[in-house]
Amino acid sequence: MGKITIPFGSQHVALPEPVSFLFDTQNEIISDVHVNLGYVHRGIEKAAITKFDYTNLAFLLTRVCGLCSITHASGYIHGLEYLLNAEISKRAEYLRMLVIELDRMHSHLLANGHVAEVVGYENLFMQTFRYREKVMEILERLTGNRVQFDYYTIGGVRRDIDLEDAKEIKKELLELKPKLEKLTEFFETDYTFGLKTKNIGKITKEMALEYGVVGPIARASGVKTDARAEYEYLPYNEIGYKLQTRKDGDVLARNLVRQDEILNSLEMCLNILDNLPEGEIKVKTKGRPKGEVFVRVEAPRGECFYYLKGNGSKIFERVRIRVPTYANLPILKDLFIGEKYSDAQAIVLSFDPCMSCTAR
Amino acid sequence: MKLNKFRKKSPWILHYNTGGCNGCDIEILASLAPKYDIERFGALNKGNPKQADILLVTGPVTKRCKDVLRRLYLQMPEPKVVVAMGACGHGGGVFRNFYHVENGVDNIIPVDVWIPGCAPRPEALIDGIVEAIEILQTKSKEKEYIRNHNEIIDKLGAKDD
Ligand code: SF4
């Protein structure tokens, strides 16, 4: 049979965001793929150096991406605080970690649920989203909003947590824990789910290193990389952070690594709530950003890189963002070729691609 | 009319992100999930414009998405309702006047319902959908049939689509 070209995107029911893949297929087997990314390019980096001064740039940068909004805020504000020589209180750091880890949990649950949906397992999708909703409730209680928290502020965080909230959140997290463990077991042992995800889209460790993939995708192939461990931007070693890896590198392993991380994040959140230090949540900062700095933070999807250059005026001279999905995309082409078209959706979504980050 | 009654019970949604931060899109996903369960109103998220009644647009409309959005709108059968979700769909929001942004959905296609917020809560989304269903009932194929078809196509700039 001859070659058939099948478009996937830019508008597709499985994709929450516009990105277009053109698959050339031969008897259902993908022989070539063309990717088209720039649908959501808004020009954020340019606006960051022309329209926004450093005090309200964070509001723009959190809107690079809705799923990991807190990551972008942290990338920017950690850099800025370094340039301003600000000393952050311990309590603010702990609260920051709390929100970052909760954000990671909801993002990972969304990704896992989404994979379940595209392999045709609607029930599992609904179940995952039911638990995710609990995390969202906690986030709302903590920050006041569901998606765009704007929790980070220069010198600390915007809202404190009182005793009653802490108790309530802890109770909810403890209730959630056995459910999430069960979910992990489900992903791991479910026969039907395994049929569509085992040995699909396999990345070996060598491949992962060669392409330089980051985040859960790398960790699912056994590469030990995590900005939280490699770069000390928050005191993660104090709250029981553990690096999670799996060996198989297929769609299932990527889901399971995320699931492991969710449980680890939950553990960390409980630790934070137990050992929350006393103190101010915000310190005053002085001066204007001058000099250069780069920051690496761990987004739910992998390492996010920020480069800031200030010249002592209100507006930065350069703001460079390199997001994890950008690093993870080149390998996709290699993965697709030789796979069945019916598996393409699962492969794409197991990468948890975030186009609004990538195209900015 | 019978048809109108059926429409009321099963409005199908076509969702398209035109360059927002995907915060709104995950709220749409959340409202499909058990807690909010938008299916109560018969609404399903369908990927096919030719089967959809409600076009749910998020994002400020980037120059690149403009054409796709226009085409999706034109492909949908009458009657149809357009819902713009999120602050950045309303005139661009935080992305207003960026070089690659068209400042809001109504610069490209006519909008019936606005859902404010950044990101709007799922409750607000449900409210908007319910309002859209009401508007859908007041429209009909005959009323919306475009007589000056060519003129409108010209205005939308979609001659070669
Ligand atoms: S309205 Fe806000 S949350 Fe929604 S897409 Fe726009 S920037 Fe994101």
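These numbers come from a predicted model, not from an experiment.

J.: Please clarify how the overall build of chain A should be interpreted in this entry.
T.: Looking only at helices and strands, chain A features 15 helices and 8 strands. The C-alpha radius of gyration of chain A comes to 21 Å, within 12% of the 21 Å expected for a compact globule of 360 residues. For chain A, buried positions account for 62% of its 360 residues. Taking contacts inside chain A between residues at least 6 apart in sequence as the whole, the part at least 24 apart equals 71%. Of the roughly 13,800 Å² of accessible surface on chain A, a fraction of 48% belongs to carbon and sulfur atoms. Taken as two groups, the 49 positive and 50 negative side-chain charges of chain A have centres that lie 4 Å from each other.

J.: Teacher, can you tell me more about the interface of chain A and chain B here?
T.: Often the size quoted for an interface is simply the accessible area lost on bringing the parts together. On the side of chain B, 41 residues touch chain A, which itself brings 42 residues to the contact. Both faces considered, chain A and chain B share a buried interface measuring about 3,300 Å² in area, 62% of it formed by carbon and sulfur atoms. When the buried surface of chain A facing chain B is broken down by residue, Gln11, Tyr39 and Arg42 of chain A rank first, second and third, together holding 20% of it. Between chain A and chain B we count 3 salt bridges in total. We note a salt bridge from Glu137 of chain A to Lys35 of chain B, for which the minimum N-O separation is 2.7 Å. For the interface between chain A and chain B, the tally reads 15 residue pairs in polar contact (both at pLDDT 80 or more). Contributions of two or more residues to the side of chain A that touches chain B are made by helix H1 (44–48), helix H4 (90–118) and helix H5 (122–143) of chain A. Looking at which element gives the most residues to the side of chain A that touches chain B, the answer is H5 of chain A, with 9 residues. Within the side of chain A that touches chain B, the residues separate by chemical class into 19 nonpolar, 12 polar and 11 charged.

J.: Mind showing me how you'd approach the nonpolar core here?
T.: Within soluble globular proteins, side chains that are nonpolar tend to cluster in buried spots. By size, the foremost hydrophobic cluster in this structure holds 148 residues, and its most contacted members are Tyr76, Leu102, Leu173, Leu180 and Phe336 of chain A. Among the elements that make up this core, the one with the highest residue count is H4 of chain A (13 residues). What Leu173 of chain A contacts, discounting residues up to four positions off in sequence, is Leu102, Met105, Ile138, Leu266, Cys269, Leu270 and Leu273 of chain A. Residues Tyr39 of chain A together with Leu55, Val61 and Val82 of chain B belong to the second largest nonpolar core, which totals 18 residues.

J.: Help me understand the sheet that holds strand S2 (residues 44–45) of chain B in this model?
T.: Paired through backbone hydrogen bonds, the strands of a sheet run either parallel or antiparallel to each other. Residues and elements named next belong to chain B. Within the open sheet, the 5 strands sit side by side as S2-S1-S3-S4-S5. Their pairing is parallel. What marks the edges here is a single partner per strand, and that holds for S2 and strand S5 (113–115). With 2 bridges connecting them, strand S1 (residues 12–17) and S2 associate as parallel partners. Looking at S2, one finds that Ile13 is bridged to Asn45.

J.: Sorry if this is basic, but what is going on with helix H2 (residues 23–32) of chain B here?
T.: Every α-helix winds through 3.6 residues per turn, so residues three or four apart in the chain are directed the same way. The buried fraction of H2 of chain B amounts to 10 of the 10 residues, a majority that puts the element mostly inside the structure. Turning to H2 of chain B, its buried residues are Gly23, Cys24, Asp25, Ile26, Glu27, Ile28, Leu29, Ala30, Ser31 and Leu32 of chain B.

J.: What's the story with the sheet that holds strand S3 (residues 29–36) of chain A in this structure? I'm lost.
T.: Residues and elements named next belong to chain A. Reading across from one edge, S1-S2-S3 is the order of the 3 strands in this open sheet, with antiparallel pairing throughout. The sheet is open, and its two borders are formed by strand S1 (4–8) and S3, each paired with just one other strand. Within the sheet, the average angular offset between the axes of one strand and its neighbour, ignoring direction, is 20°. With 5 bridges joining them, S1 and strand S2 (residues 20–26) adopt antiparallel strand pairing. Note that in S2 the partner of Pro7 across the bridge is Leu22.

J.: Can you walk me through a positive patch on the surface in this structure?
T.: All names here are of chain B. A contiguous patch of positive charge on the surface is contributed by Lys2, Lys5, Lys8 and Lys9. The topology assignment puts Lys9 in helix H1 (residues 2–9). For Lys9, a relative accessible area of 56% corresponds to the exposed category.

J.: Help me out: how do you make sense of the packing of aromatic side chains in this one?
T.: Ring pairs (aromatic) are described by centroid distance and by the angle formed between their planes. In the structure shown here, the tally under the stated rule is 12 aromatic pairs over all chains. Lying across the ring of Tyr236 of chain A, Arg228 of chain A places its NZ or CZ 5.8 Å from the centre. The ring of Tyr73 of chain B carries the charged tip of Lys80 of chain B above its face, separated from the ring centre by 4.2 Å.

J.: What's the story with the pattern of salt bridges in this structure? I'm lost.
T.: Between side chains of opposite charge, a pair can form as their charged atoms come close. All names here are of chain A. The tally for this structure, following the rule as stated, stands at 31 salt bridges over all chains. In this structure, Arg96 engages Glu81 in a salt bridge whose closest nitrogen and oxygen atoms are separated by 2.9 Å. Within this pair, whereas Arg96 is found in helix H4, its partner Glu81 is found in helix H3 (residues 69–83), the two being separated by 15 residues in sequence. Taken individually, Arg96 and Glu81 each receive the classification buried, so the pair is uniform in this respect. Lys90 is the salt-bridge partner of Glu238, the closest N and O atoms lying 3.1 Å from each other. Highlighted residues: Glu238 in the loop between helix H10 (227–230) and helix H11 (251–274) and Lys90 in helix H4, separated in sequence by 148 residues. For Glu238, a relative accessible area of 41% gives the class partly exposed. Of the residues examined, Lys90 reaches a relative accessible area of 37% and is grouped as partly exposed.

J.: Could you clarify how one ought to interpret the site of the ligand in this entry?
T.: Near the ligand you find Arg63 and Gln148 of chain A together with Gly20, Cys21, Cys24, Gly86, Ala87, Cys88, Phe95, Gly117, Cys118 and Ala119 of chain B, and these make up its full shell. The residues that come close to the ligand belong to more than one chain, namely chains A and B.

J.: What's the story with the pairing of strand S6 (residues 290–299) of chain A in this structure? I'm lost.
T.: The two faces of the sheet receive side chains in turn, since in a regular strand these alternate between them. Residues and elements named next belong to chain A. Taken together, the 10 bridges between S6 and strand S7 (residues 302–311) define a ladder with antiparallel strand orientation. In the sheet register, Arg296 faces S7, and the bridge partner there is Phe305. Turn length for the S6-S7 hairpin, with the two strands adjacent in sequence and antiparallel, is 2 residues.

J.: Mind showing me how you'd approach the pairing of S7 of chain A here?
T.: All names here are of chain A. Bridge count for S7 against strand S8 (residues 318–322) is 5 bridges, and the pairing is antiparallel. Across the sheet, the residue bridging to Tyr306 is Ile321, located in S8. Joining the antiparallel neighbours S7 and S8 is a turn of 6 residues, in which Gly312 adopts a positive phi near 85°.

Basis of the calculations
- Within each chain, residues carry numbers counting from 1 in the order of the written sequence.
- A letter from A marks each chain and a number from 1 marks each ligand, given out in the order of writing.
- Predicted model: local features are reported for residues with pLDDT of at least 70 only, side-chain atom pairs are reported and counted for 80 or more only, and whole-chain, interface and lining totals are derived from all residues.
- Heavy atoms throughout the structure, all of them, feed into the side-chain values; hydrogens and water do not.
- The numbering of helices and of strands both runs from the N terminus, where a helix is a DSSP run of H or I of at least 4 residues and a strand a run of E of at least 2.
- To get the radius of gyration, use the C-alpha atoms; to get the globule rule, take the number of residues to the power 0.38 and multiply by 2.2 Å.
- The buried label goes to any residue with under 20% of its type's maximum accessible area, the exposed label to any with over 50%, and the partly exposed label to all in between, with areas taken from a 1.4 Å probe on protein chains only.
- Note on definitions: a residue-residue contact is assigned when non-hydrogen atoms from the two residues lie within 4.5 Å.
- Residue burial considers only the protein chains on display, and all accessible areas are found by Shrake-Rupley using a 1.4 Å probe.
- As used throughout, the charge tally considers Lys and Arg to be positive and Asp and Glu to be negative, leaving His and the chain termini uncounted.
- Charge placement uses NZ in Lys and CZ in Arg. For Asp and Glu, CG and CD serve respectively.
- Two parts placed together each lose some accessible area under a 1.4 Å probe, and the buried area is that loss summed for both.
- The salt bridge criterion pairs a side-chain nitrogen of Lys or Arg with a carboxyl oxygen of Asp or Glu, the two atoms within 4 Å.
- The term polar contact refers here to a pair of N or O atoms within 3.5 Å; inside protein, the definition further demands a hydrogen-donor-capable atom paired with an acceptor-capable atom, and it admits residues adjacent in sequence only when both atoms are side-chain atoms.
- Basically, the charged four are Asp, Glu, Lys and Arg, the nonpolar ten are Ala, Val, Leu, Ile, Met, Phe, Trp, Tyr, Cys and Pro, and anything else, Gly included, counts as polar.
- As used in this record, nonpolar core signifies buried Ala, Val, Leu, Ile, Met, Phe, Trp, Tyr and Cys residues forming a set joined through side-chain atoms within 4.5 Å.
- Two strands pair under a simple rule: DSSP has to find at least two bridges between them.
- The convention used is that axes are lines fitted to C-alpha atoms, helices contributing only their stretch in contact, and that angles between N-to-C directions extend from 0 to 180 degrees.
- The patch calculation keeps residues exceeding 30% relative accessible area without a salt bridge and links them within 9 Å when they carry like charges or within 5 Å when they are nonpolar (Val, Leu, Ile, Met, Phe, Trp, Tyr).
- Stacked, tilted and edge-to-face are the three classes assigned to paired rings of Phe, Tyr and Trp, where Trp is represented by its six-membered ring and a pair needs centres within 6.5 Å; plane angles under 30 degrees give stacked, over 60 edge-to-face, the rest tilted.
- Think of it as a cone above the ring: NZ of Lys or CZ of Arg counts as a charge over the ring if it is within 6 Å of the ring centre and within 35 degrees of the ring normal.
- The cutoff for a nearby residue is simple: one of its non-hydrogen atoms must lie within 4 Å of the molecule or strand.

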